[in-house]
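# Observations on the three-dimensional arrangement
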Amino acid sequence: MQKKSSRSMPRNAQCRQPAGAVSVGLRRLKSLFRGTSSQGPTFMIVGAMKAGTSTLHATLAQHPEIFMTKPKELHAWDMPTPPPVDSYHMHFERGRGFAIRGESTPSYAYHPGTMERLARYNPGLKLIFIMRDPVKRAISHINHSVRLRRLPEKDLFGELLADQRDMSRLDVKPFRQSPYGYHARGLYHLQISRMRRFFDATQIHMLRLEDFTEAPQEELDRICDFLGATRQSLEVTSKGVKKYDPAPPELISYLSTCYRLPNRILAEDFGVKTDDWL
């Protein structure tokens with residue numbers, strides 16, 4: 001799964017922000033000197049949303065050598081201006097005795113600009129990226145938004161079509177309030193490409209939720225090896241799993257068509273198994 005990508009990212013892949021916001025962000029980033037990384041995270045679970053990040057976070061928290069933050073999602077680096085580093089590190093105070101410390105914010109992989117900020121903060125950071133069949137991921141995301149009344153069920157396809165039309169602007173205007181990236185968060189090849197621009201492939205561990213569900217201990221052993229932790233038998237703690245009515249066939253068909261080419265690129269460029277996805 002560590003095959004080097006042969007594709008380059010589009011020129012507009014960087015987050016464009018007003019000059020004032022950029023200068024403020026750069027001043028804060030310059031205050032993050034290398035020594036502070038010993039007080040913060042050594043790794044992050046950076047995505048994908050609705051792909052098992054909560055379960056993985058809760059499961060790794062059981063490991064005696066690994067500290068995971070509470071709350072799980074800190075959202076410190078997916079904003080144009082990161083918070084003061086001292087404020088950020090307060091979330092890791094209880095983890096001072098741990099050599100391995102992590103947080104999990106699924107939008108880190110999704111929002112352009114985040115990877116560059118993370119690389120400036122700690123170039124030695126390790127990243128974990130868990131993926132799921134993008135059709136099922138999108139359906140779970142849609143159900144989540146309908147439940148929270150963020151998405152009107154009666155105008156479902158209208159919202160999804162608007163979201164798809166706006167995907168081309170993902171790298172230009174990533175902080176828009178709506179649509180909510182139902183399609184774009186499943187474009188894993190773009191997110192991995194962004195990570196590879198700022199981090200070496202050896203610092204990125206990719207896995208699929210399907211494999212984690214089928215053989216959890218094998219996947220956890222690989223993660224422990226990646227993080228430098230002793231292999232431990234851990235009980236998978238399912239989090240954020242909710243039951244919904246089956247998705248309408250026309251929605252599944254529509255999403256399957258949307259992801260056909262992106263899935264092929266993901267398989268060819270990064271060696272991710274996609275032939276068992278819808």
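To be clear, the structure that these remarks concern was listed above.
The text that follows walks through the structure, step by step, so that each part is easy to find.

Turning to the overall build of the protein, a few remarks are in order. When helices and strands are tallied, the protein shows ten helices and five strands. When the 278 residues of the protein are sorted by exposure, 51% land in the buried category. A separation of at least 24 residues holds for 80% of the contacts in the protein among residues at least 6 apart in sequence. Carbon and sulfur atoms make up 51% of the accessible area of the protein, which amounts to about 13,500 Å² in all.

Turning next to the nonpolar core. If you look at the biggest cluster of nonpolar residues, it comprises 31 residues, and the most contacted ones within it are Val46, Phe129, Met131 and Met195. Secondary structure elements with two or more residues in this core: strand S1 (43-47), helix H3 (85-89), helix H4 (114-121), strand S4 (126-131), helix H7 (188-198), strand S5 (204-208) and helix H10 (249-270). If you tally residues by element for this core, the top one is H4, at four residues. In this structure, Ile45, Leu60, Leu207 and Ile223 belong to the second largest nonpolar core, which totals 19 residues.

Taken in spatial order, the five strands of this open sheet run S2-S3-S1-S4-S5, and their pairing is parallel. Bordering the open sheet on either side are strand S2 (66-68) and S5, each of which pairs with just one other strand. Ignoring strand direction, the axes of neighbouring strands in this sheet form an average angle of 25 degrees. Judged from the three bridges that link them, S2 and strand S3 (residues 100-104) form a sheet pairing that is parallel. Paired with Met68 across the bridge in S3 is Gly102. Here helix H2 (residues 53-60) sits on the sheet in contact with S1, S2, S3 and S4, set at roughly 160 degrees to S1.

Two numbers describe how H4 lies on H7: the axes approach to 9 Å, and their chain directions differ by 30 degrees. When the axis of H4 is compared with that of H7, the two are roughly parallel. Relative to H7, H4 is oriented so that their crossing is right-handed. Where H4 approaches H7, its residues Met115, Glu116 and Ala119 are matched on the opposing element by Arg194, Met195 and Phe198. Its residues assigned to classes, the contact of H4 with H7 shows four nonpolar, no polar and two charged.

For S5, a buried count of five out of five residues is recorded, marking the element as mostly surrounded by other parts of the structure. Across five bridges, the pairing between S4 and S5 is parallel. Of the residues in S5, the one forming a bridge with Phe129 is Met206.

As a further point, take the packing of H7 against H10. Close contact between H7 and H10 brings their axes to 8 Å; oriented N to C, the two are set at 40 degrees. The segment H7 lies against H10, with Tyr188, His189, Ile192, Ser193 and Arg196 engaging Pro262, Ile265, Leu266 and Phe270. For the contact of H7 with H10, the residue count by class is six nonpolar, two polar and one charged.

The buried fraction of S4 amounts to five of the six residues, a majority that puts the element mostly inside the structure. Note that S1 and S4 share four bridges and pair parallel. Within the sheet, the bridge partner assigned to Phe43 lies in S4 and is Lys126.

As a further point, take the pattern of salt bridges. Inspection of every chain in the model, using the stated rule, returns nine salt bridges. In this structure, Arg120 engages Glu116 in a salt bridge whose closest nitrogen and oxygen atoms are separated by 2.9 Å. Separated by four residues within a single helix, Arg120 and Glu116 lie in helix H4, roughly one turn from each other. Taking relative accessible area as the criterion, Arg120 reaches 38% and is therefore assigned partly exposed.

Calculation rules
- Residues numbered from 1 in each chain as written.
- Predicted model: local features only at pLDDT ≥ 70, side-chain atom pairs only at ≥ 80, totals over all residues.
- Heavy atoms only, no water.
- Helix = DSSP H or I, 4+ residues; strand = E, 2+ residues; numbered from the N terminus.
- Buried < 20%, exposed > 50% of the residue type's maximum accessible area, 1.4 Å probe, protein only.
- Contact = heavy atoms within 4.5 Å.
- Areas by Shrake-Rupley, 256 points an atom, 1.4 Å probe, with all protein chains shown as cover.
- Core = buried A, V, L, I, M, F, W, Y, C linked by side-chain atoms within 4.5 Å.
- Pairing = 2+ DSSP bridges.
- Axes fitted to C-alpha atoms, helices over the stretch in contact; angles between N-to-C directions.
- Parallel < 35°, antiparallel > 145°, perpendicular 65-115°, else oblique.
- Left-handed = near helix turned anticlockwise from the far one by under 90°.
- Nonpolar A, V, L, I, M, F, W, Y, C, P; charged D, E, K, R; others polar.
- Salt bridge = Lys/Arg side-chain N within 4 Å of Asp/Glu carboxyl O.

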